[in-house]
Amino acid sequence: MRKLRTIENERLLVTVDDHGAEIVSIIDKQNNRECVWTGDASWWKRHTPVLFPIVGSIWHNTMRVNGAEYNMTQHGFARDMDFECVAEEADSLLYSLKSNEDTKAKYPFDFELQIRQQLDGNKVVTAWKVVNCGDVVLPFQIGGHPAFMVPDVSEEYDTTGTIRLSGSGDYELTEIGAEGCVKAESVSLKGNEFPIKRDTFAKNALIFESPCPQLIELFDRSGKKVLTFDSPSPSLGIWAPTKDVHAPFVCIEPWWGRTDRVGYEGEFKDKEYMNLVAVGESLSGAWSVLFE
């Protein structure tokens, strides 16, 4: 049965939904504020979904495994499924999702996906583990799509805050093209920080690959640091919906994967940023956010 569960310490109160193992609220008790997006569908209906077994889109929503075709919509199915909570402690929750007939109709592999949501002081850690429960090599992609509130958004100002990236060099950004898939071309981002404006994400997410920043800092309009996001993921997206007014949140998305190239019709296992797990083995990773 779907259920909301909480973990808490002196600084943070975190609410997690069994549906998607998704964090739906992080209350900063010290400052009495909500830190993650509320899920208002007029902007975006989600909060912090886990993306599995694909990140982004696949060309024509079609994946190929040994020549057979399967349909998969954007970001995969895990975010829309009920997980089982297998361990519950004061500061952590461990969830499990196992393959079944429904998942194998879209993704013909036997797996277990584990998600742990854990508190560590004023830091929240999301850890993942993918276990190959079948008798063939397991290909998968995984990622996060957490949306963080930007404090004190006001239409009186042109900017709502600033993103600062680790490192001091320039970045090459991969651009989204047809069907949510990426173009061959890239565009340059000069420097390691940029303001958040109404049109910052007019061309969709800013996608970082090589180099990919490991630390991302969010500052409010006054220059006060809001959070530090830490991830070793090989690719990463930063996004907010674009309207005529400022978005109230920004998404910082760690990806062990990436949307297809425009026109890709190869085997699923041969996609860029594919993770491969041997029979009986597992892969794991994590990202974290430190609230100031």
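This section reports on the structure supplied with the text. Please read these numbers as outputs of a predicted model, since none were measured by experiment. (Residues numbered from 1 in each chain as written. Predicted model: local features only at pLDDT ≥ 70, side-chain atom pairs only at ≥ 80, totals over all residues. Heavy atoms only, no water.)

**Side note on the layout of surface pockets**
We apply this condition: The distinction between a cavity and a pocket rests on a 1 Å grid over the protein atoms alone: a 1.4 Å probe fits inside a cavity but cannot get out, while a pocket stays open yet meets protein on both sides within 12 Å along at least five of seven lines, and a residue with an atom within 4 Å of a point counts as lining. Grid points are joined across faces, edges and corners, and a volume is the space filled by probe spheres set on the points. Only Asp, Glu, Lys and Arg are considered charged, only Ala, Val, Leu, Ile, Met, Phe, Trp, Tyr, Cys and Pro nonpolar, and every remaining residue, Gly among them, polar. Each helix is a run of DSSP H or I of at least 4 residues and each strand a run of E of at least 2, with the numbering of both proceeding from the N terminus.
Each pocket or cavity is described by its volume, and for the largest pocket that value is around 290 Å³. As for the largest pocket, its lining consists of 17 residues, and the residues nearest its centre are Gln74, His75, His145, Asn204 and Glu253. Class assignment for the residues of the lining of the largest pocket results in six nonpolar, seven polar and four charged. Volume-wise, the second largest pocket comes out at about 150 Å³. Elements represented by at least two residues in the lining of the second largest pocket include exactly β16 (171–176), β17 (182–189) and β19 (206–208). Of the residues forming the lining of the second largest pocket, the biggest block, four residues, is contributed by β16.

**What to know about the sheet that holds strand β4 (residues 33–34)**
In plain terms, the rule: Strands were regarded as paired on the criterion that DSSP finds at least two bridges between them.
A sheet is described by the order of its strands in space; here four strands give the open sequence β1-β2-β3-β4, paired in antiparallel fashion. On the outer flanks of this sheet lie β1 (4–8) and β4, each paired with one strand and no other. With two bridges connecting them, strand β3 (residues 22–28) and β4 associate as antiparallel partners. Opposite isoleucine 27, over in β4, you have glutamate 34 as the bridge partner.

**Quick notes on the sheet that holds strand β18 (residues 193–197)**
Put simply, the rule reads: Each axis is a line fitted through C-alpha atoms, taken for helices only over the stretch in contact, and angles between the N-to-C directions span 0 to 180 degrees.
Taken in spatial order, the nine strands make up an open sheet running β8-β9-β10-β11-β25-β21-β20-β15-β18, and their pairing is antiparallel. Two strands in the sheet have a free side with no partner beyond their single neighbour: β8 (84–88) and β18. Pairwise comparison of adjacent strand axes, ignoring direction, gives a mean angle of 20° for this sheet. Across five bridges, the pairing between strand β15 (residues 159–165) and β18 is antiparallel. Paired with arginine 164 across the strands is glutamate 193, a residue of β18.

**Some thoughts on the packing of aromatic side chains**
What counts, and what does not: By convention, a stacked pair of Phe, Tyr or Trp rings (six-membered ring in the case of Trp) has centres within 6.5 Å and planes under 30 degrees apart, an edge-to-face pair has planes over 60 apart, and any other such pair is tilted. Sitting over a ring, as applied to charges here, requires NZ of Lys or CZ of Arg to be within 6 Å of the ring centre and within 35 degrees of the ring normal.
The final tally for this structure, using the stated rule, is 18 aromatic pairs. Here the aromatic rings of phenylalanine 52 and phenylalanine 77 are separated by 6.3 Å at their centres, their planes lie at 85°, and the arrangement is edge-to-face. Placement of the pair is phenylalanine 52 in the loop between β5 (50–51) and β6 (62–65) and phenylalanine 77 in the loop between β7 (68–71) and β8, with a sequence separation of 25 residues. Ring pairing ties together the aromatic residues Phe52, Phe77, Tyr107, Phe109, Phe111, Trp128, Phe140, Trp256, Phe268 and Trp287, which thus form one cluster. For lysine 243, the ring lying beneath its charged end belongs to tryptophan 43, and the centroid distance is 4.3 Å.

**Description of empty space enclosed by the protein**
If you walk through the whole model with that rule in mind, you get three cavities of 30 Å³ or more. Considering only enclosed or pocket space, the largest cavity measures out at about 120 Å³ in volume. Lining the largest cavity we find 16 residues, and of these Ile23, Thr48, Thr126, Pro146 and Trp287 sit closest to its centre. Every element with two or more residues in the lining of the largest cavity is listed here: β3, β11 (123–132) and β25 (282–291).

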